[in-house]
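Structure assessment
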Amino acid sequence: MTADPLARGKVARVDLPASAPAWAVLDEYLRGLTGEVRVLVVRLTPGRVPEPAGVSAARTRVVEKLASADLVSVAVVGDPVGAAGTALACACDLRVLGARAEFRIDNVAIFGALVPLARLVGYPRALELTLTGRRMSAREAESFGLANLVVGGDQIDDAVDDLIAVLLATPRDAAAEIKAALRAASAASGLDGLAPRGRISDELDAARRLARDDE
C-alpha cells in the first residue's frame, strides 16, 4: 500500500491490492484520516493474495466510513479485479475506470456489496452477474451505471485529477448536504445501498454461513 501523507490537504490517496485483505488495510488507513480530508481516492490494483471466503468486521467499518456525508470516495480501477476489488469499488461513491478494467463477481467476497451493486446496476443485472460470475468490461460497467467514467489507461490519472478539482470546487457544507440528501432519497426508494448497518450485517452473516457450509 502507498498513500499520501495523512493530515495534509483535502485529498487522500491510497493504493490497495484488489484482494480481500485490502479491507483490513483500508480500515486501518481510514482511522488515520483527519477531518480536513474531503476526497479519498482508492486505487485498486490486481492483487496476488487469494481472496478468502471469510469476512471481517473491517468491511463494515470501511463502508460506514465511506458513507460519511463529508467524505467523497473515488475508486480508480485500471486493470481486471475480482470479487473483493469489485466490492471495494461498489463501496465508493464514484468509480473511474481504465479501458482495460474488468469486474468479476464470483464468490462470497462480494457479500457486503450486494445491495450497492443492485442499486447501481439494477436487481436483474446484479443477480445475473453474481450467479454466473462472468466478467464485466469497463464499457459494460459504464453502460450499466457502475462506472462514472471510462478513459484510456494513459488518461486515467488526468481524469481523476480533473474529477477531484470539480469535487473540491463545491463548498464542503453544500457537498455534505447533497450527499446526505441523496442517501436519504436512496433509502426512501428501498435501494439503500449506502446505509451499511443493517443490510451489510445481514449480508456478512450470510457469507459466514456459506463459509461454514464449505468447511
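Anything mentioned here points back to the structure above.
Residues numbered from 1 in each chain as written. Predicted model: local features only at pLDDT ≥ 70, side-chain atom pairs only at ≥ 80, totals over all residues. Heavy atoms only, no water.

A look at the overall build of the protein
The secondary structure content of the protein amounts to 9 helices and 9 strands. For the protein, buried positions account for 46% of its 215 residues. Counting contacts in the protein only where the partners sit at least 6 residues apart, residues at least 24 apart contribute 73% of the total. Summing over all exposed atoms, the protein offers an accessible surface of approximately 10,100 Å²; the carbon and sulfur share of this is 54%. (Helix = DSSP H or I, 4+ residues; strand = E, 2+ residues; numbered from the N terminus. Buried < 20%, exposed > 50% of the residue type's maximum accessible area, 1.4 Å probe, protein only. Contact = heavy atoms within 4.5 Å. Areas by Shrake-Rupley, 256 points an atom, 1.4 Å probe, with all protein chains shown as cover.)

Focus on helix α1 (residues 22-31)
Turning to α1, its buried residues are Ala-22, Trp-23, Leu-26, Asp-27, Tyr-29 and Leu-30. Taken down its axis, α1 places every buried residue within 165° of arc, on the same side. Seen from the buried face of α1, the exposed residues on the opposite side, beyond 90 degrees, are Glu-28 and Arg-31. (Arc of directions from axis to C-beta.)

With respect to the side chain of Arg-95
Tracing the backbone shows Arg-95 in strand β6 (residues 94-98). The side chain of Arg-95 sits in the buried core without any salt bridge; Asp-93 is the nearest counter-charge, 7.1 Å away. Within the structure, the side chain of Arg-95 is placed 3.4 Å from the backbone oxygen of Asp-93, a separation counted as a polar contact. Excluding residues that lie within four positions of it along the chain, Arg-95 makes contacts with Ala-75, Ala-89, Cys-90, Leu-120, Leu-146, Ala-147, Asn-148 and Leu-149. (Lys, Arg positive; Asp, Glu negative; His and termini not counted. Salt bridge = Lys/Arg side-chain N within 4 Å of Asp/Glu carboxyl O. Polar contact = N/O pair within 3.5 Å; in protein donor to acceptor, adjacent residues only side chain to side chain.)

Quick look at the nonpolar core
Counting 46 residues, the largest nonpolar core has Leu-26, Leu-40, Leu-44, Leu-97, Phe-103 and Leu-146 as its most contacted members. Ranked by residue count, the leading element in this core is helix α3 (residues 83-91), at 6 residues. Excluding anything up to four places from it in sequence, Leu-40 contacts Ala-12, Val-14, Tyr-29, Leu-30, Leu-33, Leu-66, Leu-71, Val-72, Ser-73 and Val-74. Ranked by size, the runner-up nonpolar core spans 14 residues in total, among them Val-39, Val-72, Val-74 and Leu-94. (Core = buried A, V, L, I, M, F, W, Y, C linked by side-chain atoms within 4.5 Å.)

A closer look at the sheet that holds strand β8 (residues 135-137)
Here 3 strands make up an open sheet; going across it, the order is β5-β7-β8 and the pairing mixed. Sheet topology places β5 (80-81) and β8 at the edges, where each strand pairs with a single neighbour. Relative to the sheet, α3 contacts β5 and β7 (102-104), its axis offset from that of β7 by approximately 105°. (Pairing = 2+ DSSP bridges. Axes fitted to C-alpha atoms, helices over the stretch in contact; angles between N-to-C directions.)

Some points on the pattern of salt bridges
For the structure shown, the criterion picks out 12 salt bridges. The salt bridge partner of Arg-172 is Asp-70, with a shortest N-O separation of 3.9 Å. Here the residue Arg-172 occupies a position in helix α8 (residues 172-188), and Asp-70 occupies one in the loop between α2 (57-66) and β4 (72-77), the gap between them amounting to 102 residues. Arg-134 serves as the salt-bridge partner of Glu-128, at 2.4 Å between the closest nitrogen and oxygen. Three or more residues are tied together by salt bridges with common partners; here these are Arg-125, Glu-128, Arg-134 and Glu-140.

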